[in-house]
Structure formats: C-alpha cells, structure tokens
Amino acid sequence: MNRYTWRTFGLELVMIATAVVFVFPLYVLVNLSLRPQGQLVDPLGVHSLTLANYSDAWHQAGLGRAIFNSVVVTVASVAIVVVVSSLAAYPLARSTARWSRWMFATFMLGLLLPFQLALLPLYTTMRDLHLLGSLWGLVLFYSGLQVPFSVFLYTAFLRALPRDYEEAALLDGCSPLQSFRRIVFPLLRPITGTVVILNAIFVWNDFLTPLLYLSGSDRQTIPVAIFTFVGQYTSNWQLVFAALVMGVAPILLVYFAMQKQIIRGFAGGLKG
Amino acid sequence: MRALADLSIDAPERQAIRSGGVLRALRVRTALPAAAASTWWFVLPALALYAFIVLVPTVRGSYYSFTNWDGLNPVLHFVGWDNFTAIVHDEAARGAIKHTVLIAVAITIIQNAIGLLLALGVHSQIKSKYVLRVALFAPAVMTPVVIAYLWQYLYTPDGAINRGLGAVGLGSLEQGWLGDPSLALWCIVAVIVWQFAGYSMVIFLAGLQGIPPEITDAAAVDGAGAFRRFWYVTRPMIAPAITVNLMLSIIGGLKLFDQVWVLTGGGPGYATETLSTLIYRDAFQFGEFAYSTALALLLTVFVAVVSGAQYRLLRRQEYA
Amino acid sequence: MASVRYHEVVRVFGRDQRPAVDSLTLEVADGEFLVLVGPSGCGKSTTLRMLAGLERVDSGSIWIGSRDVTRVSPKDRDIAMVFQNYALYPHMSVEQNMGFALKMGGTPRRETKVRVGEAAHLLALEEFLGRKPGSLSGGQRQRVAMGRAIVRRPQVFLMDEPLSNLDAKLRVQTRTEIAALQRRLGTTTIYVTHDQVEAMTMGDRVAVMNEGRLQQVDTPKVLYTRPANVFVAGFIGSPSMNLQAARLVDDGLWLDGYRVPVGRDTRAAAADRDGAVVVGYRPEAVELVAEDEPGLTAVVEAVEELGSDVFVYGAFDATSETVHAADVVARVPVDAPVARGKRVRLRIKPEAIHLFSASTGESLG
C-alpha cells in the first residue's frame, strides 16, 4: 500500500532512534579515540581533539605490519579458495554419477563440523611442519577451511547454469580444462563475487586460529595485533580506541564502498 | 544418432548447435558424460586441502579423545571413556556446557526477534530505509575482537554505560556488568545481539522482499489488520528465511569464542566459560590435549544433534 | 450492495507534473457493471486501487453508498477485489484462501465452510478445495480469485484486469461467465481492462480514460455511435475508426466528388484555423464503387480475411483540396475483388461521418 501516513512517519522516527542507539557505541569509540590522555570523564560530549593517540597506537601496535599481514593472508587464501572450489564444483554439479554425489556429501560434512575438534591435531601438525609463526600456515589453513562452504555456493550456482555454453565449447574442440577456464569460470562471476566477499570478511576478522598460530611472533594479523596491544595497555582506553578504530577502518571502508554487493552477498549466499 | 564429435565442422547441425537452439533437443547423451568422466580430477586440489585441514585432523581428534594424548609424545595409550567421565565430574566443564547452551539459546531468540522487527521496519514505506540498512548491518562486518574491546570499555564500572545511567539520573541501576557473575553472561549476549541483529535483519529482509506486494494488499482487502497480515500471510511466506536465521544463530552461538575470550576470558571465576573457551584454555594453558579434544568431540556431537533436530523441525514449518 | 461515487478525485505520484488521476468525477449505480478502460498509464488501475483503499487520495472524496470512505482503511470498506495476478496465498489451500476474509471478519467456522462450499459450487471448484494454488492451472486460479471475492458478499466487487493472464480462448469463455455471474449476484462491480472488446461486451456502462482524465462514460452503443472526442473515437472499435485531418470549405466538406453538407453551428464551432477539422468514419462506412463513380482512389497495401469480414488496408494516393492524404481501413464484402497493389475506388457514406475539432478534439455533433 502506498500510504505515507502519520503512522509511517512515526515508524520512521522509531527506526531512526533505534539506529542511533545502535550506532551510539561507535560514536563513543571514535570520540574517545580523539581525546588526549586522562580525559575520560564525559564519553558523550566533544572535548579537545587530538590525533596523538593514533600515531602512538599505530607504531606501538605495529598496525602497519598487521594490516599488511592481514591483506596477504586474506588475498592469498581467498584466491586459492576461489580457484579450487570452483574447479571442484564443476564435476559435482554436472555429473550425476554416484561418486559425484558422495563427494558432494563429503564436502557438505565440513559445513556441519565445528572446527574445534580438528583444532588441536592440526595445530600439532602445523607445529611439526614449522608452519607456526608463518603467514603461509594461515593461508593453508583458510584455504582448506573455507572449501566446503565455497564448494556449496559454486555447486548450487553451477547446477542452475545452462549447459549450452560448455557443450558448444566442447564441440569447438576445447579440452575440459580450457572450457572451464575460458567459458565456465567467467560465467561464474556473480557467485564468485559472493564467495570472495563472504570469505574475505571471515578471514579478515578471524581470531582464534591466528591467535594460536601467530601470537608472540612478529607476523600478526589485525585481530591478534589488537589483542596483544590491548593486553599491554589495558587502562589507556584512548590509546586502545585509536588502535581499534584503525584496526577496523579497512574493513569498514570496504564495506561502505561496496555495501550493496556485500549485503546482497550475505543475504543471497546464505539463503540456500 | 551420430556422435556429435563425428560431425564435420561445417555441418549444419553443428551450426545449429553452436547457436544453442538445437542443443536442448540433442541434450545430454553424448556430450556430458564424457565431460564429467574426464573432469573428475577437478575435485582433487580442493579435496586435498579440505582433507588435510579438516577431515584428517577431525578424525585424528576424535581418536585422540579416547587416548591420553598430550600433543607431543607420539606414544599413546587408549583410555576408553575416561576423558568423558572426567568431563561429567568436572565442575568447570559442566558449567561450560550450561553456559554454552544458555548463550546459544538466548542469542537465537533475542537476536532474531530484534532482527525481524528491524526488517519489518526497514521493509516499510519509510524514507530512510537504505541508510538504515547500511547502518544496522555495519557491526556485522566489523572485527569481533574490536567490538569486544569496545564493549569491554562500555561495561567497565566507570565506562560509558554507567556514566550514562548516572547522567540521566538512573545511577541506582549502575552495575558491575562484566564483573558481576550473575550478569556477565547476559552482557555477552547483549554484545552479540548488538553486533549481529543487522545480519538477521538482512536475511529476513531478503525473505520479505520476495513476497509479492499484491498478496499483502489482498490480505488488507480481506480484512486483516497489520498484525494479522503478518501472522497469517507474511510469516508463512518467509519461513525459509526463518529457518536459515535460526540455524545460523544456534550453530554460531554454540561455537562462540572471540567475544567471550576478549570480554571476560571465561570469568569472573568460571561464570562465563563456554565449551569453546574451555577447550582453548584446557589445551593451551593446562596442556590437557586429550581432555580438550574430548570436550571438542562433545561440542561437535552437540552441534550435530541440535542442527539436525532444528533443521527437521524448521523444514516442517516451511510447508505448514 | 451500494452505489459508488468519485468526487473530483486527484492522485499525483511523487513530483510528477501530470496527475495520475485528474479530477475524476464518476457515479456508479447500485448493481451496475461499470468497466474502466483505457491505454496503459491512463490511471484506471490507480482509480480502482483508490476505491480499494490501497492508494492514497490526494484530494477529492470517494463514497460507497452514503459513506465517505476516503480515509477508511481497506479492511473496513466491505469490498472484495480480484487482482490481476490473483494474489492467492501460496501457503494456504483453496478452501483456506476463499475463507480467509470470513475468518478475519470473525465469521464462525461452520458458516464459513458453508459459504465457501456454495461459492466453490458456483465456480466448479469443489474438487480443488484441498489443493494449493501452486498446483492449479491459470484458469483455475482465476476462478479461485473470483471465489474469494464472491464468498464475502461485499458491497462492491473490484476487478483489476482479471483476464489478462489467460489465453485467448479461455478469456472469451470466462468473460461471459463473469458477466453472467454479476447479473446473477447483482453486486455493484467496477472492472478495469485495457481491452476495449472486453469493455464493450461486458459493461452496462463503459468509462474511457486517458492520461488521468475521464474522456466519456456511456453505454457501449453510445460510445460507439457518438464518441465525444477523437480519443474515444479512435480507441473504441476494432479495427479503429479512420481519422484524417481535413478542411471545411464554404458549403461543406469536400470528399472528392461530393460534398457533405455541414450545419451552420458546426461550421461555427469549427471556425478555428480556417476550418481545420478531423474527419472520422468507421471501416464499415466505406464501400467499394466502380472506377468511374465519384469517390477516392486508394492503393491496397494489405488484405485481412477474417472469415466473416474482410478488411482492406490502403492509402489514398491523391489529395484533393479538402481531404488530405491518409491511410484508410475499409470493410468490404467477402467476395470483393481486392488484392495487394490494386487500386480501388472508395466511397464514404456521408451519413456515417463524424466531425471533430482539430484543436480540442471534441465532437462537433
């Protein structure tokens, strides 16, 4: 119904008020990060502003390096996941043979299993392979961990894709791999977008495994760097907040730049 | 029928095929099984990674939980159910199970209720719907560690919450929040709900947007007011979104680690210890690898049972 | 059952210049079947939805019976609506769909069952009562939508292009069923369509709309024989009326060889821009004559054989002083000697000519 009545206006006010309440903690975060030391008194009002906390936190928390590490891990693992999952999804979606269905079920098992059970054995394996403290151990980890979900998304999408293009490519003399690379994969662009977004956000924000693998080392991702930093500076909230703001700024910037796709990716990818 | 591959490149059938039209009639028989048969190896890279990172360690973990594994010594002794009986007698473990379930259930109910209300509000005719959607979803993409520290501050005895209450004259409501054993768990629940209500909202919104407006119009003409329209028409039609949301919240809630570890570390005392934090603590602070793995197996079984039961229940409501 | 009245109703969307519905005043008598017809975007659906309460009324008022319902919410207007896409509740069975409004109104379950049963019987839906809409064909779904409206015994039925999603044959069949049903039930009905054939065959009266304004409301016969303006003239009737620009001269309208006498008041009314008028005549007002008789020559471009009628599409190839070049559609007898490319001689029956002002489009009598 297209009635913008007084009731609608009332609802609008309520929703805006709710949003303000929601966003309020973030306001406090930014506000206090700009306060000089020792002035925690009024979290709501705006007092003297300074950027000193930011430069201090940047250096002391090693945020520059942490961002770099997070970027490396995220980009590398997402790239690997995209390639191997889309490849794997192809025979799973196209073949109706029994092995294909069993294989798909095997991958789906990973969606159910909480990671905690594999946590310790994998940790010891990584330790024995001297991969702890190295970013590549993490990349390897995420590449394997994200496979089930990504395979699921790709398979669902591929199943709905018409086969005409692949068949034409086959007749034109492409080998299956070439056909996949040149024809099928480009057609997967919409779902690849979703896979990239969902995986990147997860990897970027993940805490437990990097904590296990990287803490104490000089190669920390952002969540771990923040954890270590705050552990050292607990009551200096302004400094901590500056670190928090900088730690979350990259992903928030990406979010605001691409919110439509991101929101669509979450809603669509998880409806299956 | 001649094999497609036998056709010369200029054959008119091939032209037709290339244009896609005839293809559906000629369909699957020759082309696809050949393709599928020769592409089986496509799954290998993914399978290898997945097996190495998830499958093999999981199997090993399940096995170790029945041994005296300490993470170092390759020599193991099978101890049967000992680890599990220890869990039953371990007060910390029993508490952790209770807290885990409580958190998961509380989050599922509260977060989805709020998410649904938000979605209904945003799905209406108001003008700020796009801005609202972006703002309310933003916390869901932020790093949980960051959010946990932020809220830790807010909850401190002279943090923003208590100061705010004092400022509006509600100073009597000030609490120890995270330091109060009876409140700490709910404080954690509040943080999670705050962060992910927007997430639930987005999924509900997708469901709501799939309802043709004509149907709610018809219900209005049929005499249903706002609430009855929602209950009899909207709710059944967003059943899949409800299923997805409930499943995600329960499973996420059971596995929760980051926020709990940062906000309280399981404290005060063991008041907010969950299975995930206990698993971490028992392994890396106390070195009890086998016991910790047994806890992990327990958690896995939990999740499997709850997911299965909930899934079956929810699937039925989709056809109600 | 009640009458319906629109009084100077206006609806403007957003910042549009032109209102979607512009000062509409229309009365529908109790028990009447009124059809709202017009091209896409003319405002007919908006008009219907305002009566349902699904669309805001910017100014003016709407009355059902003696009640001003302009600000009343849809659920309290006691109307039933059949939507273009039926809007059946996909998760409810046919019986639940039809009984939903009664349930909302608090009707006891036993009575609901009885009334749903009656409506189902009337529409031959009894065997489908337990099924869900998804498993029904388009025609069956359409009947369920009708049944949902009938069951309520409302004061007014609203129908928004209910036949547009049916195939042609089913459309014709359902058309007569709906008309018969309405006569039997006697409920005031407002029916929206873009198909003027439907309008002409079903309505007691037809209201033609264009660009938000009501052009003419009359019985089908009057609309056909005495269109009030150029738009109605061209819209009603299939194939459409031939409309050409022309000019009046001293003693009438010259149509190449004979003149049409034109009354003095008509001349006065058309006295703008040196006698420019629009001439209208229907295909059946044109006849084939021999080469040497007075008339107009046309080149045949296409011939449509429809079994009982034959329509010839052509173009006049010479302009006389008073009739300008134009396309023409003529209805000719079945055995007439016409073929593509042939030149034929046509005569327009002077008594069947309509005249319209070239500037306002209004009929000049």
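These figures come from a predicted structure and were not determined experimentally. (Residues numbered from 1 in each chain as written. Chains lettered and ligands numbered in written order. Predicted model: local features only at pLDDT ≥ 70, side-chain atom pairs only at ≥ 80, totals over all residues.)

## Re the overall build of chain A
Next up, step 1: A count of helices and strands for chain A gives 14 helices and 0 strands.
Next up, step 2: In terms of overall dimensions, chain A is more spread out than a globule: its C-alpha atoms have a radius of gyration of 23 Å, far above the 19 Å expected for 272 residues.
Next up, step 3: Considered along the principal axes of its C-alpha atoms, chain A spans approximately 70 × 65 × 35 Å.
Next up, step 4: A burial count over chain A gives 49% of its 272 residues as buried. (Helix = DSSP H or I, 4+ residues; strand = E, 2+ residues; numbered from the N terminus. Rg over C-alpha atoms; globule rule 2.2 N^0.38 Å. Buried ≥ 20, exposed ≤ 12 C-beta atoms within 10 Å, placed from the backbone.)

## Section: the pairing of strand β4 (residues 59–64) of chain C
Side chains on a regular strand alternate between the two faces of the sheet.
All names here are of chain C.
Next up, step 1: Here 5 bridges tie strand β1 (residues 4–11) to β4, and the two strands are oriented antiparallel to one another. Paired with V10 across the bridge in β4 is S59.
Next up, step 2: As judged from the 2 bridges shared by β4 and strand β5 (residues 67–68), these two strands associate in the antiparallel manner. Bridging across to β5, W63 finds its partner in D68.
Next up, step 3: Here β4 folds back onto β5, and the loop between the two strands holds 2 residues, one of which, G65, carries a positive phi near 65°. (Pairing = 2+ DSSP bridges.)

## Here we look at the domain arrangement of chain B
Put simply, an interface is often sized by how much accessible area is lost when its parts join up.
Residues and elements named next belong to chain B.
Next up, step 1: Along its sequence, chain B is organised into domain 1 (1–38), domain 2 (43–80) and domain 3 (91–318).
Next up, step 2: Counting residues at the interface gives 9 residues for domain 2 and 7 residues for domain 3.
Next up, step 3: Its residues placed into classes, the side of domain 2 that touches domain 3 shows 2 nonpolar, 6 polar and 1 charged. (Domains from an automatic or database assignment. Contact = placed C-beta atoms within 7 Å. Nonpolar A, V, L, I, M, F, W, Y, C, P; charged D, E, K, R; others polar.)

## Brief notes about the sheet that holds strand β7 (residues 156–160) of chain C
All names here are of chain C.
Next up, step 1: Pairing is mixed in the open sheet, where 6 strands are placed in the order β6-β7-β8-β3-β9-β10. Only two strands of the sheet have a single neighbouring strand rather than two, namely β6 (79–82) and β10 (213–218). Neighbour to neighbour, the strand axes of the sheet diverge by 20° on average, direction disregarded.
Next up, step 2: Relative to strand β8 (residues 188–193), β7 runs parallel, the two being bridged by 5 bridges. In the sheet register, F157 faces β8, and the bridge partner there is T189.
Next up, step 3: Most of the contacts of helix α4 (residues 138–150) go to β6, to which it runs at about 175°, and overall it touches β6 and β7. (Axes fitted to C-alpha atoms, helices over the stretch in contact; angles between N-to-C directions.)

## Things to note about the sheet that holds strand β18 (residues 327–332) of chain C
Strand pairing within a sheet occurs via backbone hydrogen bonds; the two strands may be parallel or antiparallel.
Residue and element names in this part refer to chain C.
Next up, step 1: Taking strand neighbours across the sheet as the criterion, the 5 strands line up as β15-β19-β16-β17-β18 in an open arrangement whose pairing is antiparallel. Taken across any chain shown, the strands that pair with only one partner, and hence form the sheet edges, are β15 (286–289) and β18. Sheet twist, expressed as the average angle between the axes of neighbouring strands with direction ignored, equals 50°.
Next up, step 2: For β15 and strand β19 (residues 343–348), the ladder comprises 4 bridges, and the chain directions are antiparallel. The residue bridging V289 from the neighbouring strand is R345, located in β19.

## Brief notes about helix α9 (residues 160–167) of chain B
Next up, step 1: Listing the buried residues of α9(B) in full gives A160(B), I161(B) and N162(B).
Next up, step 2: On its buried side, α9(B) packs onto α1 (6–33) of chain A together with α8 (144–155) of chain B.
Next up, step 3: Note on α9(B): the residue one or two positions beyond its end, G169(B), has a positive phi of about 85°.

## Some remarks on the interface of chain B and chain A
Next up, step 1: Across the boundary between the two partners, chain B contributes 84 residues, which contact 80 residues of chain A.
Next up, step 2: Among the elements that take part in the side of chain B that touches chain A, helix α4 (residues 43–64) of chain B stands out by supplying 15 residues, more than any other.
Next up, step 3: Classifying every residue of the side of chain B that touches chain A gives 58 nonpolar, 17 polar and 9 charged.

## Some remarks on helix α7 (residues 147–159) of chain A
Next up, step 1: Compared with the 18 Å implied by 1.5 Å per residue over 13 residues, the 18 Å span of α7(A) between its first and last C-alpha is a close match.
Next up, step 2: Residues of α7(A) that are buried include every one of V147(A), P148(A), F149(A), S150(A), V151(A), F152(A), L153(A), Y154(A), T155(A), F157(A) and L158(A), and no others. (Expected span 1.5 Å × (residues − 1).)

## With respect to the nonpolar core
Next up, step 1: In terms of nonpolar packing, the biggest core is built from 174 residues, with I226(A), A243(A), L244(A) and L295(B) touching the most fellow members.
Next up, step 2: The element best represented in this core is helix α10 (residues 184–209) of chain B, accounting for 17 residues. (Core = buried A, V, L, I, M, F, W, Y, C linked by C-beta atoms within 7 Å.)

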